[in-house]
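# Residue-level structural notes
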Amino acid sequence: MMHFLLLFSRQGKLRLQKWFTPIPEREKKKIVRDMTTMVLGRKPRSCNFLHWKDLKIVYKKYASLYFCCGLDAEENELLALEVLHRYVELLDKYFGNVCELDIIFNFEKAYFILDEFLLGGEVQETSKQVVSRSIEASDMLQEVSERPRSR
Amino acid sequence: MPAVSKGDGMRGLAVFISDIRNCKSKEAEIKRINKELANIRSKFKGDKALDGYSKKKYVCKLLFIFLLGHDIDFGHMEAVNLLSSNKYTEKQIGYLFISVLVNSNSDLISLINNAIKNDLSSRNPTFMNLALHCIANVGSREMAEAFAAEVPRILVAGDTMDSVKQSAALCLLRLNRTSPDLVLMGEWTARVVHLLNDQHLGVVTAATSLITTLAQKSPEDFKTSVSLAVARLSRIVSSASTDLQDYTYYFVAAPWLSVKLLRLLQCYPPPEDGAIRGRLTECLETILNKAQEPPKSKKVQHSNAKNAVLFEAISLIIHHDSEPTLLVRACNQLGQFLQHRETNLRYLALESMCTLASSEFSHEAVKTHIETVINALKSERDVSVRQRAVDLLYAMCDRSNAKQIVAEMLSYLETADYSIREEIVLKVAILAEKYAVDYTWYVDTILNLIRFAGDYVSDEVWYRVIQIVINRDEVQGYAAKTVFEALQAPACHENLVKVGGYILGEFGNLIAGDSRSSPLIQFDLLHSKFHLCSVPTRALLLSAYIKFINLFPEVKGTIQEVLRSDSQLRNADVELQQRAVEYLRLSSIASTDILATVLEEMPPFPERESSILAKLKRKKGPGNLHPDLDENRKERSANGGTVAASPTPSTDLLGLGSTITTQNSAPPASKGTSLLVDVFSENIAAFPVETPVAVGPVADENFSRDISYIPTVHWGTLGIFVGIQSWQSIQFINPKIPDMRCLPLAPFPSRFVCKNNGVLYENQLLQIGLKSEFRQNLGRMYVFFGNKTSTQFMNFGWPFTAPYCAFFLTVSLQLNVHAKPADPTVDGGAQLQQILNIECMSDFVDAPVLNIQFRYGGTLQNVAVKLPITLNKFFQPTEMTSQDFFQRWKQLGAPQQEVQKIFKAKHSMDTEVTKAKIMGFGAALLDGVDPNPSNFVGAGVIHTKTTQVGCLLRLEPNTQAQMYRLTLRTSRDTVSQRLCDLLSEQF
């Protein structure tokens, strides 16, 4: 299973954090620090995998954002790379050419999309169409319920 | 701001985020956040009822603030209210807040559970999904209790929507991980397995994850999933790439599901049913064949997905370890990847091959790639790839290639990255020992290790070479000659001096016949290194010298002169001084016979598992050990099945397959109480080494005076274990600490933070009182154990019925705690005093734990209490003027240096009591510094051995609100945090 997923910028600013196991806040901060220093310190064109404690770390850079996740030792690294990629695709489809700012300003949406895709550290739905449809459906719900307010 | 405004735009939120982004400094950001928090707090507290939209907006802002890394201590109630909103967006934000800020507040949990229950029974799939996501995200025990029965029902119900089934499956998986005892699958098992046949591939994917986890725990119950999984896999593998529509990912058919199915099959042995087994083999062959086909797309996603399935198939093949053709094909495939231009694939190929190397069918095939792997070690640019190459070389090593592999690793060591040097040293040491046919090669290898990477040669490694040399007559002369030659180098590593001192002290006589290495030359050579060495090494050398006096009577005069010199007899270090005094005395008064008995050659060490291996295991953690654990299997194939694994005592030293037993293995010196055992290193527990001095019963008179010797022992990485021994009854400590760790731990009363004396602990039998004093980074604590009964406490302190007495402490690395020996019995009604000397090395959080065990009546009593040694004990008050204070306050303005806490008063807000507490805390109370006379201001310096940390504090009481605000500024963030935590508990 996946233990955590972090999105951070080149400057080490955390943009999204998702924890799939209960971890105390202090420990989380330490992990974030370790991950940012470790991943940002890697030379370009290094491999995308690392060992860290008992976990496998898989990361990939998309434009200015690093996507980084920690996996159990028996997980498949290559597929985890594609999990990251699929998430980027989902964000891209929703925001249309997603950029870091989209995730900063619509962080709640980024979390909702992630919840549709991954749950409990496992892939829930791999079809891009199905995930996008359910996000759209909930957006429709929002619009319906918002309408009376924006009279 | 981006143009996206699908659904609802929360303008206020966007403005707030913009503001934060525009902040030029951390301070400005904090100021803006505090302003916002105040605003939100007043809105929530205001009498005007907030509409749902505003509530949602503010909760979302709080969430944003929390995710920025700030603490949020309110708003939970408002978030819970949102859960029951009938507007989807409000509900959604409420759930998000709850998922991120899990709060163990029990009344809230029941409210949350209520809301979830309503949504689960709403039959609205969107709401049900939200609720299930929330359960999966929080996954707490309370939730498991509330929903462990409900979720399986939703999962298997016929009318549940597919998307809800998927959420339910993974939700159940999460609950099963956190509270397996509450998730009872019993009646649902068959129906859950049947989900593998579901029409909807998304449902199958989620269900496969669930079934895999359940099958790992109770394989028997889910055995029927094997045939279903094989059938499903077969259908996917043979489908055309477009058949699965959106489940085809870059021309690869359902890679996620394929990998999950292959993982599920790894919970089981190869299927027994021939037909199923044939079908599975077909699948695996197809996957291997596809790897040879030209790629359908140039995109990296295509090759990643395709290879992900391939690697998982190879894992299954290795797991089954039964089909030689498949294993060899897998090995060849990985061999191709070893030279692939994608770094990721080279990395994974090296990693997978490590496991293949332990299979008897493929071990030989893996070995054919040795040149490629060695080349990878030399030429890979990425250290993590090189690390995998080292692992693989280690795994593929056997008698036939050991010399080559060890030589390559040694030469790589010279340029290896610092981060992996220690591990390589350990691996080389293990391989050299394990495959040594000729022990001269082993000795050379270890000496080379010390030469190339002396700093990374841990104590275990040099202990081990000594142990082996002592146990093997045939190598002793060679070892003496080799270390003698190695020591000729003008600059040699201290570890070499240690090994050299020990070996020459034992076996110098074997080379003394050669005039080039006469006794005097040997001695001069060793002594020329003496002054450059650290205290433990010098101590060892002194022991080597006394051994020389026995071996070579002709150098006695020279050595006695050295021992007699002021630099030895009056050495500032007690240990060295004591050795010099005692050895000098021993050499002058004892007869040759007695000397020969006392200083006779070390007896052979008992065979046991290599401590090096144990260390490597500790370093790597579980999961990376298969090469070692599967050694037996490999040995079989390497030797053509003729030699049983490790038949001789020499190879048995590695004790493969056994767990890490070294820690608790019986110490060699326990043969008698008369062996003088010495501890040079801190690592006595991991590997006790005896000094070259074997003291006989006679010598006891000379030695058994009053010296207590206190070793500090690392126990794993968990902490330090301080035991007490006296030389009268030297024995190794048998650190069965894990037993003691299970004891219920009594925390110290918080009043001890500001007080040094008082009763720490009391039960019907025992009272523990404390008196302590601290100055700068040092402290002394008197611990009084009062026997409240009328009967004697026997074996007081030490948890074992050993003849000597000790009790022990578990402390962190940041504190040194030494104890003096105490009496092993405490009479009824009497009191035992124990003195602890404490040294603070650097700032710390964890208090040391005092473990006490004693026998009362017939039963053993255990007590474990935390000692109130807190960071503020090392406070020295500093007086300063108002001007000074504010100047320093400003200097310490960086955001991480300040920690602030606002909290409710727990006691009455009495000014005098507060003053006394601040002074008791250790800071100087500064009058007239703060313009507001009701505020308290303090200053002081925390002393640790490594640094001194200046601390300023300010406490602002608000009597109306019964609240305090406490601010700490120090030059170190950890200190600020700790002091703030400690002090805020006091009011």
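Just so it is clear, the model here is predicted, and its values are computed rather than measured.

Turning to the overall build of chain B, a few remarks are in order. For chain B, the helix and strand inventory stands at 42 helices and 22 strands. A separation threshold of at least 6 residues defines the contact pool for chain B, and within that pool the share at least 24 residues apart is 69%.

A separate point is the pattern of salt bridges. Two side chains with opposite charge may pair up if their charged atoms get near one another. All told, the structure shown has 48 salt bridges over all chains when counted by the stated rule. For Asp34 of chain A, the salt bridge is made with Lys30 of chain A, and the minimal N-O distance between the two is 3.2 Å. Of this pair, Asp34 of chain A and Lys30 of chain A both sit in helix 1 (residues 25–40), four residues apart, which is roughly one turn of that helix. Residue Asp34 of chain A is classed as partly exposed on the basis of its relative accessible area, which comes to 21%. We note a salt bridge from Arg954 of chain B to Asp930 of chain B, for which the minimum N-O separation is 2.6 Å. Taken together, the residues span a long stretch of sequence, with Arg954 of chain B in strand 21 (residues 948–958) and Asp930 of chain B in the loop between strand 19 (924–925) and strand 20 (936–943) at a distance of 24 residues. A network of salt bridges, in which partner residues are shared, links Asp19, Arg32, Glu36 and Lys61 of chain B.

Next up on the list: the sheet that holds strand 8 (residues 758–762) of chain B. The pairing of strands in a sheet comes from backbone hydrogen bonds and takes either a parallel or an antiparallel form. Residue and element names in this part refer to chain B. Pairing within the open sheet is antiparallel, and its five strands lie in the order 8-9-10-14-13. Each of the sheet's edge strands pairs with one partner strand only, and the pair in question is strand 8 and strand 13 (815–819). Across the sheet, the axes of successive neighbouring strands diverge by a mean angle of 25 degrees, strand direction being ignored. Bridge analysis of strand 13 against strand 14 (residues 831–840) gives five bridges, and the strand direction is antiparallel. Considered in strand 14, the bridge of Leu815 is made with Cys840.

We now examine the environment of Leu40 of chain A. Residue and element names in this part refer to chain A. Mapped onto the elements of the fold, Leu40 is located in helix 1. Separated by 29 residues in the primary sequence, Leu40 and Gln11 have C-alpha atoms spaced 8.4 Å apart. Setting aside chain neighbours within four positions, we find Leu40 in contact with Phe8, Ser9, Arg10, Gln11, Gly12, Met35 and Tyr66.

Further remarks concern the packing of helix 14 (residues 255–265) of chain B against helix 16 (residues 300–320) of chain B. Residue and element names in this part refer to chain B. Contact geometry of helix 14 with helix 16 gives a least axis separation of 9 Å together with a crossing angle of 10 degrees. What the angle tells us is that helix 14 and helix 16 run roughly parallel. Of helix 16, the residues touching helix 14 (which contributes Pro255, Ser258, Val259, Leu262, Arg263 and Leu265) are Ala305, Ala308, Val309, Glu312, Ala313, Leu316, His319 and His320. When its residues are assigned to classes, the contact of helix 14 with helix 16 shows nine nonpolar, three polar and two charged.

This part covers unusual backbone geometry. Excluding glycine, residues mostly carry a negative phi; peptide bonds, for their part, are mostly trans. Positive phi values are uncommon outside glycine, yet Lys53 of chain A reaches one of about 50 degrees. Using a relative accessible area of 54% as the deciding quantity, one classes Lys53 of chain A as exposed. One non-glycine residue, Gln962 of chain B, adopts positive backbone phi at about 55 degrees. Of note, Gln962 of chain B is situated in the loop between strand 21 and strand 22 (963–970).

Moving on to the confidence of the model for chain B. All names here are of chain B. For chain B, per-residue confidence averages 80 on the pLDDT scale, and 82% of positions sit at 70 or higher. Mean pLDDT in chain B bottoms out at strand 4 (residues 712–715), which sits at 23, and peaks at helix 14, which reaches 96. Long-range and interchain partners of residues 1–7, a stretch whose pLDDT sits below 50, account for 16 contacts in this model, where long-range means more than four residues apart. Residue range residues 798–807 is modelled with pLDDT below 50. Its contacts to residues more than four positions away, or to other chains, number 38 contacts. Across the interfaces of the predicted complex, the ipTM metric reaches 0.94, alongside a pTM of 0.66.

Another aspect to go through is the packing of helix 29 (residues 535–551) of chain B against helix 30 (residues 556–564) of chain B. Residue and element names in this part refer to chain B. Where helix 29 meets helix 30, the axes come as close as 9 Å, and the angle between the chain directions of the two elements is 150 degrees. On the basis of their axis angle, the class for helix 29 and helix 30 is roughly antiparallel. Both helix 29 and helix 30 take part in a crossing whose hand is left-handed. Of helix 30, the residues touching helix 29 (which contributes Leu542, Tyr545, Phe548 and Ile549) are Lys556, Ile559, Gln560, Val562 and Leu563. Residues that form the contact of helix 29 with helix 30 fall into these classes: seven nonpolar, one polar and one charged.

Residue and element names in this part refer to chain B. For helix 2 (residues 26–45), built from 20 residues, the straight-helix expectation of 28 Å at 1.5 Å per residue is met to within 8% by its first-to-last C-alpha distance of 28 Å. Residues of helix 2 that are buried: Glu29, Arg32, Ile33, Glu36, Leu37, Ile40 and Phe44. For helix 2, the arc enclosing every buried residue in end-on projection is 140 degrees, short of the 170-degree limit, so these residues lie on one face. Exposed positions of helix 2 whose direction lies more than 90 degrees from the buried face are Lys31, Lys35 and Lys45. If you follow the buried residues of helix 2, they end up packed against helix 1 (11–22), helix 3 (52–67) and helix 4 (76–83).

Before going further, it helps to examine empty space enclosed by the protein. Residue and element names in this part refer to chain B. Within the structure shown, the criterion is met by twelve cavities of 30 Å³ or more. In this structure, the largest cavity encloses a volume near 100 Å³. In terms of lining residues, the largest cavity is bounded by Pro270, Pro271, Arg277, Leu280, Thr281, Leu284, Ile317, His320, Ser322, Glu323 and Leu326. Of all the secondary-structure elements, those providing two or more residues to the lining of the largest cavity are helix 15 (274–292) and helix 16.

Attention now goes to the packing of aromatic side chains. Using the criterion set out here, one finds 27 aromatic pairs over all chains in the structure. With 5.5 Å between their ring centres and 50 degrees between their planes, Phe4 of chain A and Trp19 of chain A make a pair best called tilted. Here Trp19 of chain A lies in strand 2 (residues 14–19) and Phe4 of chain A lies in strand 1 (residues 2–9), a separation of 15 residues in the sequence. The residues Phe4 of chain A and Trp19 of chain A share a single accessibility class, namely buried. Look at Phe67 of chain A and Tyr87 of chain A: their rings are 6.2 Å apart centre to centre, the planes differ by 70 degrees, and that puts the pair in the edge-to-face class. Separated by 20 residues along the polypeptide, Phe67 of chain A in strand 5 (residues 65–71) and Tyr87 of chain A in helix 2 (residues 77–95) bring together distant segments of the chain. When its relative accessible area of 3% is taken as the criterion, Phe67 of chain A is described as buried. Residue class for Tyr87 of chain A comes out buried when judged on its relative accessible area of 1%. Among the aromatic residues, those joined into a ring-pair cluster are Tyr62, Phe67 and Tyr87 of chain A. It is Lys91 of chain B that lies over the ring of Phe127 of chain B; its NZ or CZ is 4.5 Å from the centre. A cation sits over an aromatic face here: Lys427 of chain B above Tyr394 of chain B, 5.3 Å from the ring centre.

Now for the interface of chain B and chain A. Many structure descriptions define interface size as the accessible area lost when the parts assemble. Taken together, the contact pairs 77 residues of chain B with 67 residues of chain A. In total, about 6400 Å² of surface goes out of reach between chain B and chain A, with carbon and sulfur atoms giving 55% of it. On the surface where chain B and chain A come into contact, there are four salt bridges. Salt-bridge contacts for Arg42 of chain A lead to Asp382 of chain B; the nearest nitrogen and oxygen are separated by 2.8 Å. Run the count over chain B and chain A and you get 29 residue pairs in polar contact (both at pLDDT 80 or more). Among the residues making up the side of chain B that touches chain A, the classes are represented as 37 nonpolar, 23 polar and 17 charged.

The rules we used
Residues numbered from 1 in each chain as written. Chains lettered and ligands numbered in written order. Predicted model: local features only at pLDDT ≥ 70, side-chain atom pairs only at ≥ 80, totals over all residues. Heavy atoms only, no water. Helix = DSSP H or I, 4+ residues; strand = E, 2+ residues; numbered from the N terminus. Contact = heavy atoms within 4.5 Å. Salt bridge = Lys/Arg side-chain N within 4 Å of Asp/Glu carboxyl O. Buried < 20%, exposed > 50% of the residue type's maximum accessible area, 1.4 Å probe, protein only. Pairing = 2+ DSSP bridges. Axes fitted to C-alpha atoms, helices over the stretch in contact; angles between N-to-C directions. Parallel < 35°, antiparallel > 145°, perpendicular 65-115°, else oblique. Nonpolar A, V, L, I, M, F, W, Y, C, P; charged D, E, K, R; others polar. pLDDT = per-residue confidence, 0-100. Left-handed = near helix turned anticlockwise from the far one by under 90°. Expected span 1.5 Å × (residues − 1). Arc of directions from axis to C-beta. 1 Å grid on protein atoms, 1.4 Å probe; cavity = no way out; pocket = protein on both sides within 12 Å on 5 of 7 lines; lining within 4 Å. Points joined across faces, edges and corners; volume = space filled by probe spheres on them. Phe/Tyr/Trp six-rings, centres within 6.5 Å; stacked < 30°, edge-to-face > 60°. Lys NZ or Arg CZ within 6 Å of the ring centre and 35° of its normal. Buried area = accessible area lost by both parts, 1.4 Å probe. Polar contact = N/O pair within 3.5 Å; in protein donor to acceptor, adjacent residues only side chain to side chain.

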